[in-house]
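# Chain and residue survey
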Amino acid sequence: MSKALQSGNPATIANLYTEDVAFLPTLEAIGSGRVKAKAYFVHFLQKAPPGTIREDIEQSVGDNVIIHSGLYDFDLGSARNRKVAHARFTLVWIGINGE
């Protein structure tokens, strides 16, 4: 996920999500689908937010499934007016074709 975010490409990031993802973005209303994820990241990446995971945990729930949850901070706003957004995340990673 970190490499995808650093790419700055909304499509690259959205492609990490399934077509039918339940999408709960950090700064917008809930949505669903990869199209919603891409639209969110187009807007989100315009803010060029540096982010830091403060705390996280991974739980294996099967051979190919990991639940990854944690807390992170994003710095938002212009360089002279940065504000820290404290947020949480939960991702369900599913291995497909050995990845």
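What this report covers is the structure whose coordinates are included nearby. (Residues numbered from 1 in each chain as written. Predicted model: local features only at pLDDT ≥ 70, side-chain atom pairs only at ≥ 80, totals over all residues. Heavy atoms only, no water.)

### Some thoughts on a nonpolar patch on the surface
Note the following rule: Each patch is assembled from residues with relative accessible area greater than 30% and no salt bridge, linking like charges that lie within 9 Å and nonpolar side chains (Val, Leu, Ile, Met, Phe, Trp, Tyr) that lie within 5 Å. In short, Shrake-Rupley with a 1.4 Å probe defines the accessible areas, and a residue's cover is counted only from the protein chains shown. Basic side-chain nitrogens of Lys or Arg form a salt bridge, by our definition, when they fall within 4 Å of a carboxyl oxygen of Asp or Glu. A 1.4 Å probe rolled over the protein chains alone gives each residue an accessible area, and that area as a share of the maximum for its type sets the label: buried under 20%, exposed over 50%, partly exposed in between.
Together, Leu-16, Ile-66 and Trp-93 give the surface a local cluster of nonpolar side chains, amounting to about 240 Å² of exposed area. Using a relative accessible area of 43% as the deciding quantity, one classes Leu-16 as partly exposed.

### Describing the environment of His-86
To keep it simple, the criterion reads: Secondary structure counts use DSSP, requiring at least four H or I residues in a row for a helix and at least two E residues in a row for a strand, with both numbered from the N terminus. The contact definition used throughout considers only heavy atoms, calling two residues in contact when any of these lie within 4.5 Å. Definition of a polar contact: a pair of N or O atoms within 3.5 Å, with one able to donate and the other able to accept a hydrogen when the atoms are protein atoms, and with sequence-neighbouring residues admitted only if both atoms are side-chain atoms.
Considering the arrangement of structural elements, one finds His-86 in strand β5 (residues 83–94). The exposed category is assigned to His-86, whose relative accessible area is 59%. Note: C-alpha distance between His-86 and Leu-76 (10 residues apart in sequence) is 11 Å. The residues contacting His-86, other than those within four sequence positions of it, are Arg-54, Tyr-72 and Asp-73. Polar side-chain contacts of His-86 include one of 2.7 Å to the side chain of Asp-73.

### As for the pattern of salt bridges
According to the stated counting rule, one finds two salt bridges in the structure shown. A salt bridge links Glu-19 to Arg-34, with the shortest nitrogen-to-oxygen separation between them at 2.8 Å. Note that Glu-19 is positioned in the loop between α2 (10–14) and β1 (22–23) and Arg-34 in helix α3 (residues 34–45), a separation of 15 residues in sequence. Judged by its relative accessible area of 22%, Arg-34 is partly exposed. Residue Arg-54 pairs with Asp-73 through a salt bridge whose shortest N-O separation is 2.9 Å. Residue Arg-54 is found in strand β3 (residues 51–62), and its partner Asp-73 is found in strand β4 (residues 65–76); the two are separated by 19 residues along the sequence. Here Asp-73 falls in the buried class, since its relative accessible area comes to 15%.

### A word on the side chain of Ser-69
Of note, Ser-69 is situated in strand β4. Looking at Ser-69, its side chain comes within polar contact range of the side chain of Thr-90, at 3.2 Å.

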